[in-house]
Amino acid sequence: MKKKTYDVNTVTDVFFGKYASSSFPDAVEANEKELGEISKQEADIRSRSSTSSVDTNNNNSDSLGKDIENLPEILNRKANLEAHTNILQAIMKKIASREIPTFFEMENSLINSTGGIITDKTAIIELLNDPLKGNINDKIRLLILITITLANSSTNTNDYKASNSNIIKTTIENEYEDAFVTGCIGILSKNNETDSNINVDYTEIEEALGTVSFIRKSLNLSSPLNYMRNVGNNSANSDAFSSLFSTASTQITSHATNLIAKATNFFSKFSPMFITKVVESLSEGRNCDENDTYCYLDAKAKLTNNNNINKNIRYSDVIVFVIGGGCYNEYFNLQELLNHKLAASGGGNSSTPVINSNISGNHTYFPRNILYGGSELLSGDKFLEQLNHLGNNNKKI
């Protein structure tokens, strides 16, 4: 089957411009609504033009003439919206084929585990071991989270021993890594099954294990899992997906159809990330653990009064700058925070993009505006590349 290629002009594309910063469910709903409206306009014009010979009313004829003149523009808008429909469907199929919602559930269970205890060991090993679920990066990401979780486990504390700058792995870690290797070998073999003469290159697997080893050594010094706790859960209405998913589900297997239902919930949840919780707590002047880990600098305060600085001040304008690399995931998570606060205050709906924008009205929530930036913006794959470089750099010297 020939693949279709779409060139989305991010400057002139009206739909992209309106919904690029919206959540996936909102983009799907808007696409379905606008496509329905534009199709109705087209059908109405064609219907009126077919009966125009019977109607001799000059006013109606003039109106129809203007509508016919606008028909090319309407058809262009329709073609653009249909392209976005195909793109959205392709994204959902890709998510289903990689079983991203399954990985998401497993990763969330690890992040939210108590005391670093992994309760879904069998399911996680099966997921790592199965070459038909996820790609190599999906499995690397899951293995990294397993490593971080186990490093925070009180039962595994005594198993982490330093020996010549190396950290001795626990038996359970070996089990997870063995499952990871088995699954990745299956993926690489599957990718090369069209040509049996091609030797499978296992370098990617070896480098992935080097990355995990680097993280394990780093965790011997500090444990960042406490900063990754994911709290909050808001299930949005997912009815807007029904039409789009029904079309997609006819083209994929029943198993993938079940995954699409899981993907619907996956995209409909709002879970504040660590950076979002920090911004919310500090801007609202609430006493919290995060408040104690940040410096409070006030140029107007006297040096002798630094110990008496009032930290319980509320801020409507916030600048967030991430040193070492930010990501769009954090940016959009902060945006969702503002959207939910705006909706809760009665100032709009939760799909209204408000980040970096001035909000009119006497709203009492904080923060109201957030400017987000970083030393660089990284995708998930780019971040894994950096970890890979750090974990395998010594081998290449």
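**Q** When you look at helix α5 (residues 121-129) in this model, what are you seeing that I'm missing?
**A** Side chains that are three or four residues apart share a direction in an α-helix, a result of its 3.6 residues per turn. Buried within α5 we find I124, I125, L127 and L128. Viewed end-on, α5 has its buried residues packed into an arc of 160°, placing them on one side of the element. Opposite the buried face of α5, at more than 90 degrees from it, the exposed residues are T122 and E126.

**Q** Would you mind going over the nonpolar core with me for this structure?
**A** In globular proteins that are soluble, nonpolar side chains generally tend to be buried together. By size, the foremost hydrophobic cluster in this structure holds 32 residues, and its most contacted members are I124, L128, L142, I144, I146, Y176 and F180. Looking at this core, the elements with two or more residues in it are α4 (100-111), α5, α6 (136-151), α7 (171-191), α8 (203-219) and α14 (380-396). The dominant element in this core, judged by the number of residues it contributes, is α6, at 9 residues. Counting residues in hydrophobic clusters, the runner-up holds 10 residues, among them V279, V320, V322 and Y372.

**Q** What am I meant to see in the side chain of E284 here?
**A** If you trace the backbone, E284 turns up in the loop between α11 (274-283) and α12 (289-292). Once residues lying within four places of it in the same chain are set aside, the contact partners of E284 are R314, K341 and F366.

**Q** I'm lost on the pairing of strand β3 (residues 317-322) in this one. Help?
**A** Working note: regular strand, side chains alternate between the two faces of the sheet. Here β3 shows one buried face, formed by V318, V320 and V322, and one open face, formed by D317, I319 and F321. Judged from the 6 bridges that link them, β3 and strand β4 (residues 369-374) form a sheet pairing that is parallel. Paired with V322 across the strands is G374, a residue of β4.

**Q** Quick question: what am I supposed to make of the pattern of salt bridges here?
**A** Side chains bearing opposite charge may pair, as long as their charged atoms lie close to each other. Following the criterion strictly, the structure yields 12 salt bridges and no others. With a shortest N-O distance of 2.8 Å, R216 and E177 are connected by a salt bridge. Of the two residues, R216 is situated in helix α8 and E177 in helix α7; the sequence distance between them amounts to 39 residues. We note that R216, like E177, is buried. Salt bridges sharing partners connect three or more residues here, namely R98, E107, D138 and R141.

**Q** I would appreciate a short explanation of the packing of aromatic side chains in the present structure.
**A** Aromatic rings considered in pairs are described by the distance between their centres and by the relative angle of their planes. A full pass over the atoms with the stated rule returns 4 aromatic pairs. With centroids separated by 5.0 Å and ring planes inclined at 40°, the aromatic side chains of F15 and Y19 adopt a geometry described as tilted. Taken together, the residues F15 and Y19, both in helix α1 (residues 14-19) and 4 residues apart, mark about one turn of the helix. Classification of F15 as buried rests on a relative accessible area of 6%. Residue classification places Y19 among the partly exposed residues on the basis of a relative accessible area of 22%. Each ring, one from Y331 and one from F332, has its centre 5.0 Å from the other, and the planes form 75°; the classification is edge-to-face. A residue is classified by how much of its surface remains accessible, and Y331, at 18% relative accessible area, is buried. Looking at F332, the relative accessible area reads 28%, which means it is partly exposed.

**Q** Looking at this structure, I do not really get the confidence of the model for the protein chain. What am I missing?
**A** A low pLDDT score tells you not to read the predicted coordinates there in detail. In the predicted model, the protein chain carries a mean pLDDT of 75, and 68% of its residues have values of at least 70. Of all helices and strands in the protein chain, the one with the weakest mean pLDDT is strand β1 (residues 162-163) (41), whereas α5 scores best (93). A low-confidence stretch, residues 157-166 (pLDDT under 50), is modelled with 17 contacts involving residues beyond four sequence positions or located in other chains.

**Q** Sorry, what's going on with the environment of I87 here?
**A** Within the fold, I87 resides in helix α3 (residues 58-98). Sequence separation between I87 and T5 is 82 residues; the distance between their C-alpha atoms is 9.5 Å. Those residues in contact with I87, other than ones at most four positions away along the chain, are Y6 and V8.

**Q** Could you clarify how one ought to interpret the packing of α7 against α8 in this entry?
**A** When two helices pack together, their arrangement is given by the angle between their axes and by how far apart the axes lie. It is at 10 Å that the axes of α7 and α8 come closest, and there the two elements cross at 155°. For the element pair α7 / α8, the angle class is roughly antiparallel. Note that α7 runs across α8; the crossing there is right-handed. Residues E173, E177, F180, V181, C184, I185 and L188 of α7 form the contact with α8, whose participating residues are E204, I205, A208, L209, V212 and R216. Of the residues in the contact of α7 with α8, the class split is 9 nonpolar, no polar and 4 charged.

**Q** I tried to follow α6 on my own but got confused; where do I start?
**A** The end-to-end C-alpha distance of α6, which contains 16 residues, comes to 23 Å, matching closely the 22 Å that a straight helix rising 1.5 Å per residue would cover. Among the 16 residues of α6, 13 are classified as buried, and the element is accordingly described as predominantly covered.

Analysis parameters
- Residues numbered from 1 in each chain as written.
- Predicted model: local features only at pLDDT ≥ 70, side-chain atom pairs only at ≥ 80, totals over all residues.
- Heavy atoms only, no water.
- Buried < 20%, exposed > 50% of the residue type's maximum accessible area, 1.4 Å probe, protein only.
- Helix = DSSP H or I, 4+ residues; strand = E, 2+ residues; numbered from the N terminus.
- Arc of directions from axis to C-beta.
- Core = buried A, V, L, I, M, F, W, Y, C linked by side-chain atoms within 4.5 Å.
- Contact = heavy atoms within 4.5 Å.
- Pairing = 2+ DSSP bridges.
- Salt bridge = Lys/Arg side-chain N within 4 Å of Asp/Glu carboxyl O.
- Phe/Tyr/Trp six-rings, centres within 6.5 Å; stacked < 30°, edge-to-face > 60°.
- pLDDT = per-residue confidence, 0-100.
- Axes fitted to C-alpha atoms, helices over the stretch in contact; angles between N-to-C directions.
- Parallel < 35°, antiparallel > 145°, perpendicular 65-115°, else oblique.
- Left-handed = near helix turned anticlockwise from the far one by under 90°.
- Nonpolar A, V, L, I, M, F, W, Y, C, P; charged D, E, K, R; others polar.
- Expected span 1.5 Å × (residues − 1).

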